[in-house]
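# Survey of secondary and tertiary structure
Letter by letter, the chains look like this.
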Amino acid sequence: MAAPTISTLPARSVTASVWPEDFEQIPDEAWTHAPVDEFGLNYDAVGNHGWYKNLEPTIAQVVAALDVGKVLIDYSSGTGILTKRLLEKIDHEVGILNVDASPKFLRVALENFKDDERVAFRLLPYLKDQKRLRTVDEVIGQPMIDRGADILTATNAIHLYYDLPETLESWARVLKPGALALICSANMRNPNRHKGDWIIDETVAAVNEIAVDLVRREPAFAQYREALDDADRMAAYTQVREKVFVPVRDLAYYTDSFADAGFSVLHVTEATIFARVDEWSDLLCTYHEGVLSWVGGTERIDGRPPSVRAMLDRKFLIRASLERLFPGQDAFPATWTYLTCRH
Ligand SMILES: C[S@@+](CC[C@H](N)C(=O)[O-])C[C@H]1O[C@@H](n2cnc3c(N)ncnc32)[C@H](O)[C@@H]1O
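Report follows, based on the coordinates.

The rules behind these values
- Residues numbered from 1 in each chain as written.
- Predicted model: local features only at pLDDT ≥ 70, side-chain atom pairs only at ≥ 80, totals over all residues.
- Near = placed C-beta within 6 Å.
- Nonpolar A, V, L, I, M, F, W, Y, C, P; charged D, E, K, R; others polar.
- Buried ≥ 20, exposed ≤ 12 C-beta atoms within 10 Å, placed from the backbone.
- Helix = DSSP H or I, 4+ residues; strand = E, 2+ residues; numbered from the N terminus.
- Pairing = 2+ DSSP bridges.
- Right-handed = clockwise from strand over helix to strand, strands pointing away.
- Axes fitted to C-alpha atoms, helices over the stretch in contact; angles between N-to-C directions.
- Parallel < 35°, antiparallel > 145°, perpendicular 65-115°, else oblique.
- Left-handed = near helix turned anticlockwise from the far one by under 90°.
- Contact = placed C-beta atoms within 7 Å.

Right, let's talk about the site of the ligand for a bit. The environment of the ligand is formed by 16 residues, the closest being Ser 76, Gly 78, Ser 102, Asn 156 and Ala 157. For the shell around the ligand, the per-class residue count stands at nine nonpolar, six polar and one charged.

Written out as C-alpha cells, the structure is:
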C-alpha cells in the first residue's frame, strides 16, 4: 500500500479535554455570577489598539510550542485578549487557563470564552488579613498541579507584581520541568531600548506634570488648585498613581529574579512599537482615577467619590496633556521587552 499523502491522513484527532479529572474549568465563585462590568469591557476594547501588536512575538512563540494536549497558563490574563488571538490561530485541543487578580477583567474573559472547552478561569483573590494575593498554586487545585502546565505567559503585567520573587516561585510550583515562561512588558528599564523610545508608563508622570500646569493657569480648573497646594494630600494622590502605574524597575531585576526562582533566561529581545496618541489617551481615560486622582479626589482619600464634572475634567486634562506632550504627533515610540525563560 502506498504511504498516505498529507491529504489522505486522517484529520488531527480532537482528543478528550486536556484538563485533569475533577478540574473545574469555571469555578462556582461569586465573581462568575456577577454582571459584566463596564470597566472590564473598556479594557477589552484596548485589544483593538495598534500598540497591542505587542502580543505578536509571544503569539508566535506559543503557536510554535503549544502542541495538541498541552496546557498554557495565561497569568494576568486580564480580559483574555491573548486567549482570543491564540484561539484564532490554534484549532487543536489545548488548554488555556486564564488566571487574573481582577474579578472584573476575568468576568469579561468568562463572557468571551465560556462556551469554549479549551478555556478555564481562576481568580487570584486578595487576602486582606495577609495583605497578599493568593498564589497560582493555591487556586488551581492539586490535580492541575500534579499535571503541571507546559507554558506560562504573562503579557503587559509583570511590572505590576509588587512581590515578584514570590510570584515567580509560585510559577515554578505549577510548571513542568522544562516548561517555558514567556514575558512581555513595556515597563522595564531595558538598557538596550532604542534611543528616543518611551517607557510607556512614564508618559503618565509627564501627563500629570502638564495637567498641574494647566490647572494652575486655566481659570476653568481653578476649583482643583486647592488640592495642589496641600502637600500631604498630593503625596497620597501620588501613591494612588504609583499603585496603578508602578515605578519602573531595571531589566536586571527581572532576569535576576527569574534566575533566583530556578528559571534559565534563554533570551531577551526588544521591539519598538508605536502607540497612537489618541488610543493611549483612551487607555489613560479608562484609568483616569489612577492618572489624575487629585482632580476631584477619591473615595479612599477624601471620603467621597469625585463628581461627574470632575471625572469629565480628568479625561479632558488627560487628552489635552498628551497632546501637549506629543505636539503634532499621531503616535510615539515605546520599547517592549520580551523574556523567554525555561523552568
Ligand atoms: C495591563 S493588564 C494586561 C492584561 C493582559 N495580559 C493583556 O496583555 O492584555 C494587567 C493585568 O495584570 C493583572 N495584575 C495586576 N497586578 C497583578 C498581580 N500582582 N498579580 C497578578 N496579576 C496582576 C491585572 O488584573 C490585569 O489584568
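Back to the write-up after that little detour.
Let's shift gears to the pairing of strand S7 (residues 175-185). Counting buried residues along S7, eight of its 11 residues qualify, which places the element largely inside the surrounding structure. As paired elements, strand S6 (residues 149-155) and S7 share six bridges and run parallel to each other. Opposite Thr 153, over in S7, you have Leu 182 as the bridge partner. Handedness of the β-α-β unit built from S6, helix H8 (residues 164-174) and S7 comes out right-handed.

The interhelical angle for the contact between helix H2 (residues 38-46) and helix H5 (residues 103-113), taken along N-to-C directions, is 65 degrees, at an axis separation of 8 Å. Taken as axis vectors, H2 and H5 run roughly perpendicular relative to one another. Our pair here, H2 against H5, has a crossing hand that is right-handed. Residues Phe 39, Gly 40, Leu 41, Tyr 43 and Asp 44 of H2 form the contact with H5, whose participating residues are Lys 104, Phe 105, Arg 107 and Val 108. For the contact of H2 with H5, the class distribution of residues is five nonpolar, one polar and three charged.

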